[in-house]
Amino acid sequence: MLVDTAVTVLHVLTGALWVGSVVFVAGAILPAAVGGSLDAAPLESLSRTLVRGSRGASVVMFLTGGHLAGTRYTIETLIGTGRGHLVLAMLALWLALAALVEVGNGRLSDGLQEKRVRAPARDAIGVFRAAAVVGVLLLVDAGLLATGASFY
């Protein structure tokens, strides 16, 4: 019981920090870069930090989520219940968030290596905004699971 509680707390905390960092980049950092308030070097450093954090969070979320799903669900309950569908939706959202952060970082880092800021930030901001929306949906899904919600 204590292990499951610790794993759950680690899972939720990691997800919240991951989503929060993506939302911050999409809502504050990239708009500042598009507006010309950031130079390439700090933005490149922030981008590297975000990607390292995102990759680390992905691993933690995979391991903790896998443990939680494996101890709480069977294949039948995953595919045959509303709560199981929420877990599968969480997995899909997790994959989408990880992929969007990677794509957004790719668009950003290509231009930053050439010491350009505004154009790469403009190219990446839409992807990071999509990642932020996916992240918020991930937290909504987690909230529904935490409250015991089931749709049927």
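Residues numbered from 1 in each chain as written. Predicted model: local features only at pLDDT ≥ 70, side-chain atom pairs only at ≥ 80, totals over all residues. Heavy atoms only, no water.

Right, let's get into the overall build of the protein. Each helix and strand counted, the protein has five helices and zero strands in total. Counting only C-alpha atoms, the protein reaches 50 × 30 × 20 Å along its principal axes. Put simply, the protein has 152 residues, and 39% of those count as buried. Considering only intrachain contacts with a sequence separation of at least 6, the fraction spanning at least 24 residues in the protein is 81%. For the protein, the computed accessible surface area is about 8100 Å², with 70% contributed by carbon and sulfur atoms. For the protein, the separation between the mean place of its 11 positive charges and that of its 9 negative charges on side chains is 6 Å. (Helix = DSSP H or I, 4+ residues; strand = E, 2+ residues; numbered from the N terminus. Buried < 20%, exposed > 50% of the residue type's maximum accessible area, 1.4 Å probe, protein only. Contact = heavy atoms within 4.5 Å. Areas by Shrake-Rupley, 256 points an atom, 1.4 Å probe, with all protein chains shown as cover. Lys, Arg positive; Asp, Glu negative; His and termini not counted. Charge placed at Lys NZ, Arg CZ, Asp CG, Glu CD.)

This brings us to empty space enclosed by the protein. Under the defined criterion, the tally for this structure stands at one cavity of 30 Å³ or more. Forming the boundary of the largest cavity are Val25, Ile29, Leu43, Leu46, Ser47, Leu50 and Leu108. At the level of secondary structure, the elements contributing two or more residues to the lining of the largest cavity comprise α1 (2–34) and α2 (40–72). At four residues, α2 tops the list of elements feeding residues into the lining of the largest cavity. A breakdown of the residues in the lining of the largest cavity according to their chemical character gives six nonpolar, one polar and no charged. (1 Å grid on protein atoms, 1.4 Å probe; cavity = no way out; pocket = protein on both sides within 12 Å on 5 of 7 lines; lining within 4 Å. Points joined across faces, edges and corners; volume = space filled by probe spheres on them. Nonpolar A, V, L, I, M, F, W, Y, C, P; charged D, E, K, R; others polar.)

One can find Asp141 in helix α5 (residues 118–146). The spacing of Asp141 and Arg55 is 86 residues in sequence and 21 Å in space, taken between C-alpha atoms. Among all residues touching Asp141, those that are not within four sequence positions of it are Leu86, Ala89, Met90 and Leu93.

Counting residues in hydrophobic clusters, the biggest one holds 36 residues, and the most contacted among them are Trp18, Leu30, Leu43, Leu97 and Phe128. Elements supplying a minimum of two residues to this core: α1, α2, α4 (82–112) and α5. It is α4 that provides the largest number of residues to this core, a total of 10 residues. (Core = buried A, V, L, I, M, F, W, Y, C linked by side-chain atoms within 4.5 Å.)

With that out of the way, let us pick up α1. Relative to the 48 Å expected for 33 residues at 1.5 Å per residue, α1 spans 47 Å between its end C-alpha atoms, a close match to the ideal helical length. Along its length, α1 reaches its greatest deviation from straightness, about 40°, at Val25. The inward-facing, buried residues of α1 contact α2, α4 and α5. The first or second residue beyond α1 is Gly36, which carries a positive phi of 90°. (Expected span 1.5 Å × (residues − 1). Bend = angle between axes of the 7 residues up to and from the residue.)

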